[in-house]
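Next come the chains, spelled out residue by residue.
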Amino acid sequence: MKPPRIPSLFKMGDRSRPKSFGYQPRTFDERKERLKKRKDEIDTEMAKQKGLGSTYENHLRERISDSWARRETRRQSRNSGYRVLLILAGLIILLYLIFSNIGIPNL
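Cut-offs used in this document
Residues numbered from 1 in each chain as written. Predicted model: local features only at pLDDT ≥ 70, side-chain atom pairs only at ≥ 80, totals over all residues. Heavy atoms only, no water. Helix = DSSP H or I, 4+ residues; strand = E, 2+ residues; numbered from the N terminus. Buried < 20%, exposed > 50% of the residue type's maximum accessible area, 1.4 Å probe, protein only. Areas by Shrake-Rupley, 256 points an atom, 1.4 Å probe, with all protein chains shown as cover. Patch = residues over 30% accessible without salt bridge, like charges linked within 9 Å, V, L, I, M, F, W, Y side chains within 5 Å. Salt bridge = Lys/Arg side-chain N within 4 Å of Asp/Glu carboxyl O. Lys, Arg positive; Asp, Glu negative; His and termini not counted. Charge placed at Lys NZ, Arg CZ, Asp CG, Glu CD.

## Topic: the overall build of the protein chain
Summing up its helical and strand segments, the protein chain has two helices and zero strands in all. By the burial criterion, 2% of the 107 residues in the protein chain qualify as buried. When the accessible surface of the protein chain is totalled, it reaches about 11,600 Å², and 59% of it is carbon and sulfur.

So, in structure tokens, the structure goes:
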């Protein structure tokens, strides 16, 4: 069993070379990431088209259903925006009616 190591200011031992520092900068290039993602998507599409053959009809069905799903999502978000505006308008009208009937004196 080895004895426990005692830390010291003056290290004795193998100090023939300095301790290395492994700095690797981490940067984020949004444009580069988008290009890489788009390239991967295109490569995937190309691979699908090459390997489709008899399943081309199924591929078209998937693309159409994806397109319809995106359209439905856009429609839902637009409707939710209208709903928020309608509720906000109703609250403003309600608050106006409440405060106009109370007869708060002007200061």
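Having seen it, we continue.
## Brief notes about a positive patch on the surface
Together, R70, R71, R74 and R78 make up a region of like positive charge exposed at the surface. Looking at the secondary structure, you find R74 in helix α2 (residues 56-102).

## Some words on the pattern of salt bridges
In total, this model carries two salt bridges according to the counting rule given. For K39, the salt bridge goes to D43, with nearest N and O atoms at 3.2 Å. Of this pair, K39 and D43 both sit in helix α1 (residues 30-52), four residues apart, which is roughly one turn of the helix. Looking at D43, the relative accessible area reads 39%, which means it is partly exposed.

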